[in-house]
Amino acid sequence: MTSAMTCRDGVAHLMDYTEGRLAPRLRADVDAHLAGCPRCRGFVASYRETPRILRNATAWEPPAAAARRLRRLVRGLSSRRRGGAEAAAGIGSGHSERRTAMHLLVLPLLLAVAAPGGPRGPLSVGGVTAAPGQAASGWLEVPDGVDPGTRIPVSVIHGAQPGPVLAVVAGTHGYEYTSVVALPRLLSRLDPKRMSGSVLLVHMASPPAFYGRRIYYGPDGKNLNRVYPGRADGTVSERIAHALTREVIDKATHLADLHCGDGNESLRPYSYWMVSGQPDVDAASRELALAFGLDHIVIDRGRPRDPAASAYTANTAILRGKPAITTESGGMGLTDEASVAAQEAGVLSLLAHLKILDAPSVRVQHAVWIDRNEVLRATATGLWRPAVEKMQSVAAGSLIGRVTDPFGAVLQEVRAPFAGEILYVVATPPVSQGEPLGFVGEISREKDPPPVR
Amino acid sequence: VARYQDKVYRLARRLTGNAADADEALQDTFLQVYRKLSGFRGEARFSTWLYRVATNAALMQRRGRMRRPAESLEEYLPRFDRAGRHATDSDHSRAAQADELLDRARLAARAQAALARLPERYRTPFVLRDLEEMPTLEVARVLGLTAAAVRQRVHRARLMMRGYLGHLVGVEP
């Protein structure tokens, strides 16, 4: 360290230093100072990372309403433009000709906003491409990053005729098997030549969680269904979310995220209808929930509204203006036929509802709507002994179960916060502080179906 | 071109600090692009020109709002003792992990608020260069500044934002 170089001097040169613009002599002085100054080393690291952290934290995308407004605006302009071009051609002054030329140059750019899609070409997810009327299966690569990457098995079934694009996501959680087993069955039943619209199947969203037999979390300790829309430079769950957002959600018009109880959860079948405050999207999502065919539907009003922090798979689609649902059928690591068949039949019914398949849709006639609901969580780490079973009705204040320490002393007694039905209950002993123990829902007295608010 | 729509929105959101103003700026940008096409002579790249229109639309939107007396971010600039050494014994490297230490939604909200608190002369160059990743010369062209002035302002903005991220994870500047 030269006597002349202080922390203050170093900080003054930091931008040039980090961008390699310092003269060699000065650079050597900064290097020497850094070698002897741990505070400055920490400072440089944080200075370097600041733009990236803020860039990721503020990567907002336009809300669906803004994009729709823009499309309307551009459509309006382009219809005015057509009239204007004819007038300009009539006058024929040099200025007008130049103006017209400029409009002709840029209007196609604007029009592309108004009419996305254009001529119907092949449909791709990652490197998996299907021409209209064809199906293809392969891998969506998630490259190595701060930890090892993975490859996600996907199928693209591209209908011969145009129509909606339904994305179906299985295996977001590694120990939830009913959807992973249902999707190959579904694939074998879909004929793209008879489809008006397309289907994107994500057979297993998190292969490292699946092959690692992991409950809730991926190998990076993160819940894939809490890190959307993900990030390209994050850990593997975040990179998976990033890849699925760009390659699957962005290419779909509708989405169904198929879940079941995790390896420790005993669950009764139900769907989530997520309410986002976008009336048209919410109404379409409600119809998807009814079309899927599970008669219990949880009205979920608590999801984040910021597309840059959408957290959940279905919520990511919804905040991008795409109707979506999350479904739950099965649990406890089982692949019982009834639970698998419900997932398979549900997706087929969605395809009929969206008119991708020319078939009857099975719409729930009298759904049980659950508005007030609560996930009961452990306040202590220990052994969980449930006192209830799934589908059981419970009175307000009745015992749901107890958490004890390994010697049997009670650490937490869990009681029903209101009268309702047990939608799922954790049925195995290990539990860590903060984790779910059960899910109780109150049956709504509102009219069926409940209005979009 | 959906690419332009997303870029313009993101830029506007970063500059205006809220969704409603960003939406207005987005619509306004495309309207202006349509109206001002004759002003685009192909000398600059289309994207540079679009950025200029979008930046102005976003700044107009922000100026149209009542100005709240924003607390300054100057307090997050690094502090030094008389000998020019860092005045605190903080572990500054923690600020580099702010995105891992903080909940994503909370960080997004705080980042938006902090950007809004940056004085405009720093915020606009910082947003264009560090967040939108535009080359310094292009930022200079859009803002009518010299490249040296852009670099100096971006540097100061980065120091303030770095200190603020540190503050969020409990590190003194």
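Coordinates for the structure precede this section.
All values reported here derive from a predicted model rather than from experimental measurement. (Residues numbered from 1 in each chain as written. Chains lettered and ligands numbered in written order. Predicted model: local features only at pLDDT ≥ 70, side-chain atom pairs only at ≥ 80, totals over all residues. Heavy atoms only, no water.)

S.K.: Just to check I follow, could you spell out the overall build of chain B for this structure?
M.R.: Across its full length, chain B holds eight helices and zero strands. When its helices and strands are written in sequence order, chain B yields α-α-α-α-α-α-α-α. The proportion of buried residues among the 173 residues of chain B is 55%. Counting only contacts in chain B whose residues sit at least 6 apart along the sequence, the fraction spanning at least 24 positions is 69%. If you sum the accessible surface of chain B, you get close to 7,800 Å²; carbon and sulfur atoms cover 47% of it. (Helix = DSSP H or I, 4+ residues; strand = E, 2+ residues; numbered from the N terminus. Buried < 20%, exposed > 50% of the residue type's maximum accessible area, 1.4 Å probe, protein only. Contact = heavy atoms within 4.5 Å. Areas by Shrake-Rupley, 256 points an atom, 1.4 Å probe, with all protein chains shown as cover.)

S.K.: Would you mind showing me how to read the interface of chain A and chain B here?
M.R.: Often the size quoted for an interface is simply the accessible area lost on bringing the parts together. Listed per partner, the contact involves 59 residues of chain A and 58 residues of chain B. Interface area, chain A with chain B, both sides summed: about 5,500 Å², of which 66% is carbon and sulfur. Our enumeration of links across chain A and chain B arrives at ten salt bridges. The salt bridge partner of Asp99 of chain B is Arg231 of chain A, with a shortest N-O separation of 2.9 Å. Where chain A packs against chain B, one counts 22 residue pairs in polar contact (both at pLDDT 80 or more). The element contributing the most residues to the side of chain A that touches chain B is helix 4 (residues 38-57) of chain A, with 15 residues. Looking at the side of chain A that touches chain B residue by residue, the class counts come to 34 nonpolar, eight polar and 17 charged. (Buried area = accessible area lost by both parts, 1.4 Å probe. Salt bridge = Lys/Arg side-chain N within 4 Å of Asp/Glu carboxyl O. Polar contact = N/O pair within 3.5 Å; in protein donor to acceptor, adjacent residues only side chain to side chain. Nonpolar A, V, L, I, M, F, W, Y, C, P; charged D, E, K, R; others polar.)

S.K.: Just checking my understanding: could you explain the environment of Ala311 of chain A for this structure?
M.R.: Residue and element names in this part refer to chain A. Considering the arrangement of structural elements, one finds Ala311 in the loop between strand 10 (296-300) and helix 11 (313-318). Judged by its relative accessible area of 12%, Ala311 falls in the buried class. Each C-alpha atom of the pair Ala311 and Arg226 lies 4.1 Å from the other, and the pair is 85 residues apart in sequence.

S.K.: So what exactly am I meant to see when it comes to unusual backbone geometry here?
M.R.: In this model, Tyr228 of chain A is joined to Pro229 of chain A through a cis peptide bond whose omega is 5 degrees. Within the secondary structure, Pro229 of chain A sits in the loop between helix 8 (207-211) and helix 9 (236-249). A positive phi is found at Ala311 of chain A, a non-glycine position, where the angle reads about 65 degrees. Of note in this structure, Glu133 of chain B is not a glycine but carries a positive phi near 60 degrees. As for its position among the elements, Glu133 of chain B is in the loop between helix 6 (120-131) and helix 7 (136-143). By relative accessible area, which is 55% here, Glu133 of chain B ends up exposed.

S.K.: Would you mind showing me how to read the pairing of strand 12 (residues 368-377) of chain A here?
M.R.: In regular strands, side chains alternate between the two faces of the sheet. Residues and elements named next belong to chain A. Note that strand 10 and strand 12 share three bridges and pair parallel. Counterpart to Val298 in the pairing with strand 12 is Ile370. As paired elements, strand 12 and strand 19 (residues 436-443) share six bridges and run antiparallel to each other. Its bridge partner being in strand 19, Val375 is matched across the sheet by Phe439. (Pairing = 2+ DSSP bridges.)

S.K.: Help me understand the pattern of salt bridges, please; the structure alone is not making it clear to me.
M.R.: Two side chains that carry opposite charge are able to pair once their charged atoms sit near each other. Following the criterion strictly, the structure yields 39 salt bridges over all chains and no others. Note that Arg239 of chain A and Asp147 of chain A form a salt bridge whose closest N and O atoms lie 2.7 Å from each other. Of this pair, Arg239 of chain A sits in helix 9 while Asp147 of chain A sits in the loop between strand 3 (134-142) and strand 4 (150-158), and the two are 92 residues apart along the sequence. Like Arg239 of chain A, the residue Asp147 of chain A is buried in the burial classification. Residue Arg14 of chain B is joined to Glu132 of chain B by a salt bridge in which the shortest nitrogen-to-oxygen separation is 3.0 Å. Here Glu132 of chain B lies in the loop between helix 6 and helix 7 and Arg14 of chain B lies in helix 1 (residues 2-16), a separation of 118 residues in the sequence. With respect to burial, Arg14 of chain B and Glu132 of chain B carry one shared label: buried. A single salt-bridge network, built from bridges that share partners, covers Asp16, Glu19 and Arg21 of chain A together with Arg129, Asp130, Arg151 and Arg158 of chain B.

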